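The lines below spell out each chain.
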Amino acid sequence: MPTWIVTGGAGFIGSNFVRLALAETDADVVVLDKLTYAGNLETLADVAENPRFRFVQGDIASRETVADVFREHRPDAVLNFAAESHVDRSIEGPRLFVETNVHGTLELLEAARALCTELAPADRERFRLLHVSTDEVFGSLGATGAFSEETPYAPRSPYSASKAGADHLVAAWHETFGLPTLLTNCSNNYGPFQYPEKLIPLMILNGLEGKDLPIYGDGGNVRDWLHVEDHCRAILLVLRRGRPGQSYNVGGRSERTNLQVVDALCEALESVRPAAENPALAARGIAGYAGLKTFVTDRPGHDRRYAIDDSKLRRELGFDPRYGFEEGLRATVRWYAENRRWCEQVQAGSYARERLGLEGAAK
Ligand code: NAD
Ligand code: TDX
């Protein structure tokens, strides 16, 4: 049975990938996760007893930790989901983003390179390091066009700059050392287990609790939304059939302005929890979820539009997402409404959905 190390497996996308890998492959899965504010064992509670699952708490930026985990588990593949992932937090404190996203990726690449020198040629041939990245490395688009794998990098936030740095290291380790790397650049994900600092879960929980729905700027910024389960299927496809040294863009073909997303969420909230039956709205004298929409100060350096050209992934590997956006959104609203305990556990003591990233302070 192959062994896969999944870094960041206690976070949003990583945990969804762990669930998919345990259900649909025969791999043993070792999660390496620091358990930051965004990583929680509650997120993996349903797989904790699976005999093919192991959990190691540790930092990918620690050379010793990574070396120990590689020595003990001798992975056939490494999937790097671990990252500081929130743009607003990268404006508050960029240092940790460079430490985890750049330095952490370096340590994984170096450990993989060392491991490969010890492997028999056939095992080295099969080894893969798949690095999960973002469309934000390509910068901000105008009204037309889409990012392809050939689009030059032009990151504009500390978060995207740190992800771009990591992507360049991955490409260099392939070119220089022949490491069999794979790179995926994905658009905005949504779905179960997303930390409630991100647009969609934050709006759902604020709506359910009758709090303001804070829309940055004019609400006209565009993102391309992809259900997390479709993203995880794409990653599995790239791991199995992607060509080493290549990058693959992953998108949802669901471009929406933030205002359109919030309006769709208000409708979905109404169908799952009608406003008339929600005492939190009645207490504020508000008749419908749309009455909670509030325009607030824009994010500094706010990228205007992202759009993904995913034709390479579809053409070469046959990727075909299962979720339509509105259907996926309704399922996500239902999931958050039914999993309030998880929402409380992951926010407890560390976050109260306050506004982040308005003032960049040196930290
Ligand atoms: P997340 O913030 O929900 O989870 C990140 C996980 O990494 C957490 O479990 C955290 O504890 C862990 N982690 C953080 N620093 C670590 C360290 N130094 N060592 C070990 N573990 C550490 O993030 P996510 O949304 O699941 O994103 C996963 C990956 O996908 C990231 O690399 C992110 O850049 C990328 N990505 C995310 C999206 C999105 O929409 N969420 C889109 C494209 C790409
Ligand atoms: O309260 C909010 N109000 C608002 O208008 C929040 C939290 C966000 N927004 C806007 C900012 C963005 O235009 O919504 C959009 C989405 O914001 P985020 O959820 O913070 O995501 P984004 O900045 O687009 O980055 C996400 O997608 C790419 C992930 O967080 C990254 O990890 C991923 O790489």
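Heads up: these notes are all about the structure in this document. Values in this document were obtained by computation on a predicted structure and should not be read as measured data. (Residues numbered from 1 in each chain as written. Chains lettered and ligands numbered in written order. Predicted model: local features only at pLDDT ≥ 70, side-chain atom pairs only at ≥ 80, totals over all residues. Heavy atoms only, no water.)

### Focus: the packing of helix α2 (residues 63–73) against helix α4 (residues 95–118)
(1) Moving on: Two elements in contact, α2 and α4, have axes separated by 10 Å at closest approach and are oriented at 40 degrees. On the basis of their axis angle, the class for α2 and α4 is oblique. Between α2 and α4 lies a crossing of right-handed hand. Here Arg63, Val66 and Phe70 of α2 come into contact with α4, specifically with Glu107, Leu108, Ala111, Ala112 and Leu115. (Axes fitted to C-alpha atoms, helices over the stretch in contact; angles between N-to-C directions. Helix = DSSP H or I, 4+ residues; strand = E, 2+ residues; numbered from the N terminus. Parallel < 35°, antiparallel > 145°, perpendicular 65-115°, else oblique. Left-handed = near helix turned anticlockwise from the far one by under 90°. Contact = heavy atoms within 4.5 Å.)

### Description of the pattern of salt bridges
(1) Moving on: Going through the model one piece at a time under the given rule, you end up with 22 salt bridges.
(2) Moving on: Across the pair glutamate 118 and arginine 74 runs a salt bridge whose closest N-O atoms are separated by 3.1 Å. A residue pair is termed long-range when its members are at least 10 positions apart, and glutamate 118 in helix α4 and arginine 74 in the loop between α2 and β4 (77–80) qualify at 44 residues.
(3) Moving on: Here the residues in one salt-bridge network are Glu209, Lys211, Arg340 and Arg353, joined through shared partners. (Salt bridge = Lys/Arg side-chain N within 4 Å of Asp/Glu carboxyl O.)

### Some points on the nonpolar core
(1) Moving on: One finds Trp4, Val6, Phe17, Val18, Leu79, Leu130 and Leu313 to be the most contacted residues of the largest nonpolar core, which totals 36 residues.
(2) Moving on: Here the element with the most residues in this core is helix α8 (residues 228–241); it accounts for 8 residues.
(3) Moving on: Counting residues in hydrophobic clusters, the runner-up holds 35 residues, among them Leu202, Ile215, Ile286 and Leu292. (Core = buried A, V, L, I, M, F, W, Y, C linked by side-chain atoms within 4.5 Å. Buried < 20%, exposed > 50% of the residue type's maximum accessible area, 1.4 Å probe, protein only.)

### Considerations on the site of ligand 1
(1) Moving on: Lining the immediate surroundings of ligand 1 are 28 residues, of which Asp33, Asp59, Ser85, Tyr159 and Lys163 lie closest.
(2) Moving on: Between tyrosine 159 and ligand 1, the recorded distance is 2.6 Å, taken from a side-chain N or O atom to an oxygen atom.
(3) Moving on: For ligand 1, whose free accessible area comes to 840 Å², the fraction covered by protein is 97%.
(4) Moving on: Counting residues per element, the ones that place at least two in the shell around ligand 1 are α1 (12–24), β5 (128–134), α6 (158–177) and β7 (188–190).
(5) Moving on: In terms of residue count, the dominant contributor to the shell around ligand 1 is β5 (3 residues).
(6) Moving on: Here the residues of the shell around ligand 1 are counted per class, giving 12 nonpolar, 12 polar and 4 charged. (Near = heavy atom within 4 Å. Polar contact = N/O pair within 3.5 Å; in protein donor to acceptor, adjacent residues only side chain to side chain. Areas by Shrake-Rupley, 256 points an atom, 1.4 Å probe, with all protein chains shown as cover. Nonpolar A, V, L, I, M, F, W, Y, C, P; charged D, E, K, R; others polar.)

### Some thoughts on the sheet that holds strand β2 (residues 28–33)
(1) Moving on: Overall, parallel pairing links the 7 strands, which are arranged β3-β2-β1-β4-β5-β6-β10 in an open sheet. Only two strands of the sheet have a single neighbouring strand rather than two, namely β3 (53–57) and β10 (247–250). Within the sheet, the average angular offset between the axes of one strand and its neighbour, ignoring direction, is 20 degrees.
(2) Moving on: Relative to β4, strand β1 (residues 3–7) runs parallel, the two being bridged by 4 bridges. Bridge assignment links threonine 7 to a residue of β4, and that residue is asparagine 80.
(3) Moving on: Sheet contacts for α1: β1, β2, β3 and β4; angle to β1, the most-contacted strand, approximately 165 degrees.
(4) Moving on: Against the sheet, α6 touches β5 and β6 (181–186), its axis set at about 155 degrees to β5. (Pairing = 2+ DSSP bridges.)

### Section: α8
Residue pairs spaced three or four apart in an α-helix point in one direction, given the helix's 3.6 residues per turn.
(1) Moving on: Taking 1.5 Å of rise per residue, 14 residues should cover 20 Å, and α8 covers 20 Å from first to last C-alpha, within 8% of that figure.
(2) Moving on: With 10 of 14 residues buried, α8 lies mostly within the body of the structure.
(3) Moving on: Taken together, the buried positions of α8 are occupied by Val228, Asp230, His231, Cys232, Ala234, Ile235, Leu236, Leu237, Val238 and Leu239. (Expected span 1.5 Å × (residues − 1).)

### Overview of the side chain of threonine 134
(1) Moving on: Turning to its location among the elements, threonine 134 is positioned in strand β5.
(2) Moving on: The class of threonine 134 is buried, set by a relative accessible area of 7%.
(3) Moving on: At 3.4 Å, the side chain of threonine 134 and the side chain of aspartate 135 are in polar contact.
(4) Moving on: Non-local contacts of threonine 134, meaning those with residues more than four positions away in its chain, are made with Tyr159, Lys163, Thr184, Asn185 and Cys186.

### What to know about empty space enclosed by the protein
(1) Moving on: A full pass over the atoms with the stated rule returns 1 cavity of 30 Å³ or more.
(2) Moving on: Taken as a whole, the largest cavity holds about 50 Å³ of empty space.
(3) Moving on: Tyr190, Trp225, Leu226, His227, Asp230, Gly252, Ser254, Pro321, Tyr323, Gly324 and Phe325 together form the lining of the largest cavity.
(4) Moving on: For the lining of the largest cavity, a count of residues per class yields 6 nonpolar, 4 polar and 1 charged. (1 Å grid on protein atoms, 1.4 Å probe; cavity = no way out; pocket = protein on both sides within 12 Å on 5 of 7 lines; lining within 4 Å. Points joined across faces, edges and corners; volume = space filled by probe spheres on them.)

### With respect to the sheet that holds β7
(1) Moving on: Strand order across the open sheet formed by 3 strands is β7-β9-β11, with mixed pairing between neighbours. The sheet terminates laterally at β7 and β11 (255–257), the two strands that pair on one side only. Within the sheet, the average angular offset between the axes of one strand and its neighbour, ignoring direction, is 50 degrees.
(2) Moving on: With 3 bridges connecting them, strand β9 (residues 222–227) and β11 associate as antiparallel partners. Paired with aspartate 224 across the strands is glutamate 255, a residue of β11.

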